Amino acid sequence: MREYLDFEKPLAELEEKLDKLSAAATSRTGAQEDLTKLRARLHQLQTEIYAGLTPWQRTQVARHLQRPSTLDYIGRICDNFVELHGDRAFADDHAIVGGLARMNGRPIVVIGHQKGKTLKERMHRNFGMPNPEGYRKALRLMRLADKFRKPVVTFIDTPGAYPGIGAEERGQAEAIARNLMEMATLKTPIVSVVIGEGGSGGALAIGVADRLLMMQNSVYSVISPEGCAAILWNDAGKAPEAAEALKMTARDLQDLGILDEIIPEPMGGAHRDPMFACDAVKKSIEIHLTALQELPLETLLQQRYDKYRRIGVLAT
Amino acid sequence: MAWFKKDRPTGGDSGKKPKFQEGLWLKCNHCREIIYRKEVERNAKVCPKCEYHFPISVEDRIDLLLDLGTFREWDAELAAADPLHFKDTKRYRDRLLDAQQRTGKKDALITGEGRINGARVVLGVFHFGFMGGSMGSVVGEKVILAADRALRERVPLVLVITSGGARMQEGILSLMQMARTAAAIGRLAEACIPYIAILTDPTFGGVTASFAMLGDVILAEPKALIGFAGPRVIEQTIRQQLPQEFQRAEFLLEHGIIDLIVPRKRLKETLSSIIAFF
Ligand SMILES: [Zn+2]
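All residue numbers refer to position in the chain's written sequence, counted from 1. Lettering for chains starts from A, numbering for ligands starts from 1, and both go in the order in which the items are written. With pLDDT at 70 or above as the cut-off, local features in this predicted model cover only qualifying residues; side-chain atom pairs require 80 or more to be listed or tallied, and sums for whole chains, interfaces and linings still use all residues.

*Asks:* I tried to follow the overall build of chain A on my own but got confused; where do I start?
*Replies:* Secondary structure elements follow DSSP: runs of H or I of four or more residues count as helices, runs of E of two or more count as strands, with numbering from the N terminus. Secondary structure assignment for chain A yields 14 helices and 8 strands. Values of the radius of gyration come from C-alpha atoms, whereas the globule rule sets the reference at 2.2 Å times the count of residues to the power 0.38. Scaling as 2.2 N^0.38, a compact globule of 316 residues should have a C-alpha radius of gyration of about 20 Å, and chain A matches this with 21 Å. Here the C-alpha coordinates of chain A stretch approximately 70 × 50 × 45 Å along the principal axes. Residues classed as buried in chain A amount to 48% of the 316 residues present. Of the contacts made within chain A by residues no fewer than 6 positions apart, 71% connect residues no fewer than 24 positions apart. Residue burial here comes from a neighbour count, namely the number of other C-beta atoms, placed from the backbone, that lie within 10 Å of the residue's own C-beta, with 20 or more meaning buried, 12 or fewer meaning exposed, and in between meaning partly exposed. Think of it this way: build a C-beta for each residue from its backbone, and any pair within 7 Å is a contact.

*Asks:* Is there a simple way to explain the interface of chain A and chain B in this structure?
*Replies:* Buried accessible area, meaning the area lost when the parts come together, often serves as the stated size of an interface. Contact residues are listed per partner, giving 45 residues for chain A and 54 residues for chain B. Those elements giving two or more residues to the side of chain A that touches chain B turn out to be α7 (165–169), α8 (172–184), α9 (200–204), β7 (219–221), α10 (225–233), α11 (239–246) and α14 (297–309) of chain A. No other element matches the 8 residues that α8(A) contributes to the side of chain A that touches chain B. A per-class count over the side of chain A that touches chain B returns 31 nonpolar, 9 polar and 5 charged. Each residue gets one label: Ala, Val, Leu, Ile, Met, Phe, Trp, Tyr, Cys and Pro are nonpolar, Asp, Glu, Lys and Arg are charged, and the others, such as Gly, are polar.

*Asks:* Whenever I open this one, the sheet that holds strand β3 (residues 72–74) of chain B confuses me. Can you help?
*Replies:* Hydrogen bonds between backbone atoms are what pair the strands of a sheet, whose relative direction is either parallel or antiparallel. Residue and element names in this part refer to chain B. Taken together, 7 strands build an open sheet; the order of strands is β3-β4-β5-β6-β7-β8-β9 and the sheet is mixed. One side of each edge strand has no neighbouring strand; the edge strands of this open sheet are β3 and β9 (260–261). Strand pairing is defined by DSSP finding a minimum of two bridges between the two strands. In terms of strand pairing, strand β8 (residues 217–220) meets β9 through 2 bridges, oriented parallel. Looking at the pairing, Ala220 lines up with Ile261 of β9.

*Asks:* Looking at this structure, how should I read the pairing of strand β6 (residues 157–163) of chain B?
*Replies:* Looking along a regular strand, one sees side chains alternate from face to face of the sheet. All names here are of chain B. Of all 7 residues making up β6, 7 are buried, and the element is well covered by its neighbours. Of the two faces of β6, the one lined by Leu157, Leu159, Ile161 and Ser163 and the one lined by Val158, Val160 and Thr162 are each fully buried. Pairing analysis gives 4 bridges linking strand β5 (residues 119–126) to β6, with the strands arranged parallel. Considered in β6, the bridge of Val122 is made with Leu157. Handedness of a crossover: with both strands directed away from the viewer, a clockwise path from the first strand across the helix to the second marks it as right-handed. A crossover connection joins β5 to the parallel β6 through helix α4 (residues 137–153); in handedness this β-α-β unit is right-handed. Note that β6 and strand β7 (residues 195–203) share 6 bridges and pair parallel. Paired with Leu159 across the bridge in β7 is Ala197. Crossover connection from β6 via helix α5 (residues 171–190) to parallel β7: handedness right-handed.

*Asks:* How should I be thinking about the confidence of the model for chain B in this particular structure?
*Replies:* Interpreting fine coordinate detail is not advised for predicted regions of low pLDDT. Residue and element names in this part refer to chain B. Per residue, pLDDT measures the predictor's confidence, with a range of 0 to 100. When pLDDT is averaged across chain B, the result is 92; 92% of the residues are at 70 or more. With pLDDT under 50 throughout, residues 1–16 is counted as low confidence; its partners more than four residues away or in other chains account for 62 contacts. Per the prediction output, this complex has pTM 0.95; the corresponding ipTM is 0.96.

*Asks:* Please explain unusual backbone geometry as it appears in this structure.
*Replies:* The phi angle of most residues is negative, glycine excepted, and most peptide bonds adopt the trans form. Residues and elements named next belong to chain B. Cis peptide bonds are those with omega within 30 degrees of zero, and the linkage from Asp201 to Pro202 qualifies with -15 degrees. Summarising the element assignment, Pro202 is placed in strand β7. With a phi angle near 65 degrees, Glu245 is a residue other than glycine that sits in the positive phi range. Its place among the elements puts Glu245 in the loop between α7 (231–238) and α8 (249–254). Taking the number of C-beta atoms within 10 Å as the measure of exposure, Glu245 has 13 and is therefore partly exposed.

*Asks:* How should I be thinking about the domain arrangement of chain A in this particular structure?
*Replies:* An automatic or database domain assignment supplies the start and end points of every domain. Domain boundaries assigned for chain A yield domain 1 (6–52) and domain 2 (59–309). Averaged C-alpha coordinates put domain 1 of chain A and domain 2 of chain A at centres separated by 36 Å.

*Asks:* In this structure, what is going on with the packing of α4(B) against α5(B)? I would like to understand it.
*Replies:* A pair of packed helices is captured by two measures, namely the crossing angle of their axes and the spacing between those axes. Residue and element names in this part refer to chain B. At a minimum axis distance of 9 Å, the contact between α4 and α5 shows a crossing angle of 5 degrees. By the criterion of interaxial angle, the relationship of α4 to α5 is roughly parallel. In contact with Ser137, Val139, Gly140, Val143, Ile144, Ala147, Asp148, Ala150 and Leu151 of α4, α5 contributes Leu173, Gln177, Arg180, Thr181, Ala184, Ile185, Arg187 and Leu188. Of the residues assigned to the contact of α4 with α5, the class counts are 10 nonpolar, 4 polar and 3 charged. For helices, the fitted axis covers only the stretch in contact; all axes are lines through C-alpha atoms, and the angles between them, taken along N-to-C directions, range from 0 to 180 degrees. Working rule for angles: under 35 degrees goes down as roughly parallel, over 145 as roughly antiparallel, 65 to 115 as roughly perpendicular, anything else as oblique.

*Asks:* When you look at α14(A) in this model, what are you seeing that I'm missing?
*Replies:* The α-helix advances 3.6 residues per turn, and as a result positions three or four apart in sequence lie on the same side. Each residue after the first adds 1.5 Å to the expected span of a helix. With 13 residues, α14(A) extends 18 Å between its outermost C-alpha atoms, agreeing within 8% with the 18 Å of an ideal straight helix rising 1.5 Å per residue. For α14(A), the complete set of buried residues consists of Arg304(A), Lys307(A) and Tyr308(A). One side of α14(A) carries all its buried residues, which in axial view fall inside an arc of 90 degrees. Along α14(A), the residues that are exposed and aim more than 90 degrees away from the buried face are Glu298(A), Thr299(A) and Asp306(A). On the buried face of α14(A), the contacting elements are α8 of chain A together with α5 of chain B. For this quantity, the arc is that covered by the directions from the helix axis to the C-beta atoms.

*Asks:* Please explain the packing of helix α3 (residues 55–62) of chain A against α11(A) as it appears in this structure.
*Replies:* Residue and element names in this part refer to chain A. It is at 8 Å that the axes of α3 and α11 come closest, and there the two elements cross at 95 degrees. By the criterion of interaxial angle, the relationship of α3 to α11 is roughly perpendicular. Where α3 abuts α11, its residues Pro55, Trp56 and Thr59 lie against Ala239, Pro240, Ala243 and Glu244.

*Asks:* I tried to follow the pairing of strand β1 (residues 79–83) of chain A on my own but got confused; where do I start?
*Replies:* Residue and element names in this part refer to chain A. Burial analysis of β1 places just 0 of its 5 residues in the buried class, which makes it a mostly uncovered element. In this structure, β1 lies alongside strand β2 (residues 96–103), joined through 3 bridges in antiparallel fashion. Paired with Asp79 across the two strands is Arg102, which belongs to β2.

*Asks:* Please clarify how the environment of Thr181(B) should be interpreted in this entry.
*Replies:* All names here are of chain B. Relative to the assigned elements, Thr181 resides in helix α5. Each C-alpha atom of the pair Thr181 and Cys192 lies 17 Å from the other, and the pair is 11 residues apart in sequence. The contacts of Thr181, once residues within four sequence positions are left out, are Gly140, Val143, Ile144, Ser210 and Phe211.

*Asks:* Please explain the environment of Leu256(A) as it appears in this structure.
*Replies:* Relative to the helices and strands, Leu256(A) resides in the loop between α12 (250–255) and β8 (261–263). On the basis of neighbour count, Leu256(A) is assigned to the partly exposed category, with 19 C-beta atoms found within 10 Å. Between the alpha carbons of Leu256(A) and Val222(A) there is a distance of 14 Å; along the sequence they are 34 residues apart. For Leu256(A), the contacting residues outside a window of four places in its chain are Lys247(A), Pro83(B), Ile172(B) and Leu173(B).

Right, here's the structure in full:
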């Protein structure tokens, strides 16, 4: 079953027609011709819709329930994935997954937010919103990578860190802050890929990296458009306006000098052709890791520091 | 990011700001008692009924902590740009101008150096009245410049913090200030330069989740509200009432998140002994 977003409704009708037609007997004269025509129209319509996505529409694509998740990417681009659990202190947070893996034979530590697709899965994953123990699990794995000099790859896909009582009691802010500081000085290359939703500090907490990559339809923001609209417009319904104002698409981040690469997605978004998306991600990570692993450690760390040192715009 | 949800629709400089109202009498932000203003002023702006510490001005804070006349401000000219051309119900540019005119400050953080009982320190003090003490490129830059100076001159860094979090009007650039300030504090840590964070009412969001929680020593003023997510955001998410005194300094101390709660009157002396230790 395909899931359509509001602005994809015209596609739904066309694809339904196409499905019916191809299922029907094709012996009828002209049937093949009709099919070809219909496909061409579909392609044209898709191209039009996707070329003109508003930031808010792109946010919907980034949050699409069928979008490939961290575990989908790991499953496709890594071999011998061994998942490691828990923060060795409090619990295993299901909203963050991580472990040891190989990518094209290269050993890596891989970490990512995990959202889940069905309602049951999503509840189990707390909708991809980590608690402090999730960030501490991630940090534990990153320290392991540091100790054995294995590169770190992280996948970002979260609405944000979980705003709960327990999270505050166990130091959500401290857990995020600690990760930011330690990632800045981690003695091994780090590549981060925003695969879906980059939700503020909860995303950044596993996203301080030598190279930051974003999928074409992913978003990354200081606050969700809904949250921003609720505060600044006093009306969560102004989320589309907020999404526009926040400059949160991959292209925006590239313009602001924060992004190293935009990874192309198949027509209609990564969920329309997950294999295509996974292979594109793998190719990019591979290129960046190869380049980073050639750098002497001191250069790597200096470049990482300098990269962040430059971010920001002041009045002249 | 975790700005708390506010009653009023304006941006950073409104809403849940603990106010020090005009007039003869004022209502305590914590115990809600009506108290005589003069009595509070005489008491270092501390509520005589419940020990709640009202916000104080940057100038009062500097006088409270540093030896008289020793403060020298740095980077006072740094001001925000509007790289996103951000506009909600009002333009960011106009909000900045308003805040600058109202406060006489360029942005939400004042930094410089001075002496505490003769010992040199690098000091930063946040001003909540400037767009809720929010962190955009200027605040981030000033934290880093202060940390750099502390590192170069091997002098302790002290930050007195109050902030609603990252400044939404600079979008992702504000979020990235969390990473770059944390990286700068990381450099201090590697060089073994002490950094003391003093958290005051209120401190939230991306500021708590970066340099505020990275102090070698983290102090807080009594009853200060400190957290990652704002209380109303949490309430809306979990759909339950929050426990009494949730996110107050005492709550954080009880949960092992901060080192010590220090009443304002003893802050300088406590800070002085901590610095002397390093
Ligand atoms: Zn009181």
